[in-house]
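# Per-entry structural report
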Amino acid sequence: MVEVRAQRASKPVTVRAAAKINLHLGVGRVRDDGFHPLDTVYQAISLHDDVTVEVADEDALTVDGPSHVDVAGVPTDASNIAVRALAEVSCGSRHRVRIVKQVPVAGGMAGGSADGAAALLAHDRLHDLGQPDDVLLAQAARLGSDVPFSLVGGTARGRGRGELVEPIDDAGSWWWVVVPAAVGLSTPEVYRHFDRLRPDAPEQPAEPLDLLAALAGREPVRLARALHNDLEEPAIDLRPELGTLIERGEAAGALRGLVSGSGPTCVFLCDGRDGAMEVVAGLSEHYDVVLPAVGPVAGAHVLA
Ligand code: ATP
């Protein structure tokens, strides 16, 4: 049984939700309904958005973040996923929502999904609903494929469209370096390019067997060899500079560089904290924003 941290809080409620990376992203051939079957291993890392929700007379939304996060790229109307989440679950109440973003926008790190998950949990705690985890997870799956994982966090396997989440025991503490791009990539565009490049993709997505063994071994060199992303080729084909970035990160000492999900953010697995700091120093000569992170971390949770 999947567990979402149960906690009650007084108003307003702030929920922290983490960015995800995909340690394995197996993508199968597009189905008739337009979706791609996935077999993925997510990990939540220590880069997060904080979403505060309170009851208000009128609905309102503000989005803030550091200068390197493209908050202007986040819609502030009804299409914002946090607003969509509240519209789905609230019975007539109006809410003021404040999102403080650290997760790159359209970066392949499911920042929007994190905000959706955070809004669902904040709404539950704000109105003291105490809904069981399976109800929250079903609401999350209706919002988007990555939203259930944002609730669960840690390290987990995702199947179906990614929404069927099963936690994985992961006692490791993995160090990453994250390099966001100034301009995001559209996830549907990357999938369309995957379809063009891989018309022969197998119906069943690649299983993460090597990766699961490597996680259990808790050895970063082995994990580095097992990382896999079927969307890396289309993302690099659309943005060739990502190939250069990955080469530079590996030359700076990363065990392995990888496009995160549909990109364009790239993540680098490093040999512990010291290794990550070396890679941060090396990549900072070329890139303005280079962030160390550690995973796995908890799923969406109320801040005390
Ligand atoms: P994916 O989950 O597909 O990997 P992503 O991480 O690449 O997504 P997101 O940051 O989740 O990208 O945003 C994708 C798009 O969703 C944005 O370009 C934006 O238009 C829209 N969006 C809606 N709500 C939000 C939100 N709260 N935060 C960020 N983007 C949002």
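Shown above is the structure to which this text applies.
Residue numbers here run from 1 along each chain, matching the order of that chain's written sequence. Totals for whole chains, interfaces and linings use every residue, but because this is a predicted model, local features are given only for residues with pLDDT of at least 70 and side-chain atom pairs only at 80 or more, for both listing and counting. Think of the side-chain values as coming from all heavy atoms in the structure, minus any hydrogens and water.

The subject of this paragraph is the overall build of the chain. In this description a helix means any DSSP run of H or I spanning at least four residues, a strand means any run of E spanning at least two, and both kinds are numbered starting from the N terminus. When helices and strands are counted, the chain shows 10 helices and 12 strands. Radius of gyration: C-alpha atoms only; globule rule: 2.2 Å multiplied by the number of residues to the exponent 0.38. The C-alpha radius of gyration computed for the chain amounts to 19 Å, which stays within 12% of the reference 19 Å derived for 304 residues, consistent with globular compactness. The principal-axis extent of the C-alpha atoms belonging to the chain is close to 55 × 45 × 35 Å. Think of it in three bands: residues with accessible area under 20% of the maximum for their type are buried, residues over 50% are exposed, and the middle band is partly exposed, with areas taken using a 1.4 Å probe on protein chains only. Each of the 304 residues in the chain was classed as buried or not, and the buried ones make up 53%. By definition in these notes, contact holds between two residues if any of their heavy atoms fall within 4.5 Å. For the chain, restricting intrachain contacts to residue pairs at least 6 apart in sequence, the fraction spanning at least 24 positions comes to 77%. Only the protein chains shown count as covering a residue, and every accessible area follows the Shrake-Rupley method with a 1.4 Å probe. For the chain, the exposed surface amounts to about 13,300 Å²; the carbon and sulfur share of it is 48%. Positive residues here are Lys and Arg, negative ones are Asp and Glu, while His and the chain termini are left out of the count. The atoms used to mark charge sites are NZ of Lys, CZ of Arg, CG of Asp and CD of Glu. Both charge centroids of the chain, one from 27 positive and one from 43 negative side chains, sit 3 Å from each other.

Let's shift gears to the packing of aromatic side chains. For Phe, Tyr and Trp, where Trp contributes only its six-membered ring, two rings pair if their centres lie within 6.5 Å, and the inter-plane angle classes them as stacked under 30 degrees, edge-to-face over 60, or tilted in between. Scanning all chains against the criterion turns up 1 aromatic pair. Taking the centre distance of 4.5 Å and the plane angle of 15° together, the rings of Tyr 42 and Phe 149 count as stacked. In this pair, Tyr 42 sits in strand E2 (residues 38-55) while Phe 149 sits in helix H4 (residues 147-152), placing the two residues 107 residues apart along the sequence. Residue class for Tyr 42 comes out buried when judged on its relative accessible area of 1%. Using a relative accessible area of 2% as the deciding quantity, one classes Phe 149 as buried.

Here the focus is a negative patch on the surface. On the surface, Glu 219, Asp 271, Asp 274 and Glu 278 cluster together to form a negatively charged patch. Mapped onto the fold, Glu 219 is located in the loop between helix H6 (209-217) and helix H7 (220-226). Exposure above 30% relative accessible area and the absence of a salt bridge qualify a residue for a patch, where like charges join within 9 Å and nonpolar side chains (Val, Leu, Ile, Met, Phe, Trp, Tyr) within 5 Å. Here a salt bridge means any side-chain nitrogen of Lys or Arg lying within 4 Å of a carboxyl oxygen belonging to Asp or Glu.

Moving on to the sheet that holds strand E10 (residues 266-270). Hydrogen bonds along the backbone pair up the strands of a sheet, which may run parallel or antiparallel. Note: two strands are recorded as paired if DSSP finds a minimum of 2 bridges between them. Sheet architecture is open: 4 strands sit in the order E9-E10-E7-E11, paired in antiparallel fashion. Of all strands in the sheet, those with a lone pairing partner are strand E9 (256-259) and strand E11 (291-295), marking the two edges. Averaged over all adjacent pairs, the angle separating strand axes in this sheet is 30°, with direction ignored. As judged from the 5 bridges shared by strand E7 (residues 174-179) and E11, these two strands associate in the antiparallel manner. Each bridged residue has a counterpart across the sheet, and for Val 178 the counterpart in E11 is Leu 291. An axis is simply a line fitted to the C-alpha atoms; with a helix, the fit covers only the stretch in contact. Between two such axes, the angle follows the N-to-C directions and lies from 0 to 180 degrees.

Take Ala 298: it is sitting in the loop between E11 and strand E12 (301-302). Measuring from C-alpha to C-alpha, the distance between Ala 298 and Ser 150 comes to 9.0 Å, with 148 residues separating the pair along the chain.

So, about the site of the ligand. Whether a residue is near a molecule or strand depends on its heavy atoms: it is near if one of them lies within 4 Å of it. Close contacts around the ligand come from 21 residues, with Ala 106, Gly 108, Ala 110, Gly 112 and Asp 115 the closest. Gly 108 is positioned such that a nitrogen or oxygen atom in its backbone is 2.8 Å from an oxygen atom of the ligand. One of the backbone N or O atoms of Gly 112 is found 2.8 Å from an oxygen atom in the ligand. Relative to its unbound accessible area of 610 Å², the ligand is 77% covered by the protein chains. Here the element with the most residues in the shell around the ligand is helix H2 (residues 111-126); it accounts for 4 residues. Counted as a polar contact is a pair of N or O atoms within 3.5 Å, where, for protein atoms, one must be capable of donating a hydrogen and the other of accepting one, and residues adjacent in sequence contribute only when both atoms are in side chains.

Let's shift gears to the layout of surface pockets. Here a cavity is any set of points on a 1 Å grid over the protein atoms alone where a 1.4 Å probe fits but cannot get out, and a pocket is any open set with protein on both sides within 12 Å along at least 5 of 7 lines; a residue lines the site when it has an atom within 4 Å of a point. Grid points are joined across faces, edges and corners, and a volume is the space filled by probe spheres set on the points. Taken as a whole, the largest pocket spans an internal volume of roughly 1,000 Å³. Lining the largest pocket are 40 residues, and of these Ala 110, Ser 113, Asp 146, Thr 187 and Pro 188 lie nearest its centre. Every element with two or more residues in the lining of the largest pocket is listed here: strand E1 (13-27), E2, helix H1 (81-89), H2 and helix H5 (187-197). No other element matches the 4 residues that H2 contributes to the lining of the largest pocket. Considering only residue class, the lining of the largest pocket consists of 17 nonpolar, 17 polar and 6 charged. The residues that make up the lining of the largest pocket include at least three from each of domain 1 (2-169) and domain 2 (174-295). By volume, the second largest pocket amounts to about 440 Å³. Lining the second largest pocket are 22 residues, with Val 179, Pro 180, Ala 181, Ala 182 and Val 183 positioned closest to its centre. Of all the elements, helix H9 (residues 241-251) adds the most residues to the lining of the second largest pocket, at 4 residues. Residues are sorted three ways: Asp, Glu, Lys and Arg are charged, Ala, Val, Leu, Ile, Met, Phe, Trp, Tyr, Cys and Pro are nonpolar, and all the rest, Gly among them, are polar. Just so you know, the domain bounds were taken from an automatic or database domain assignment.

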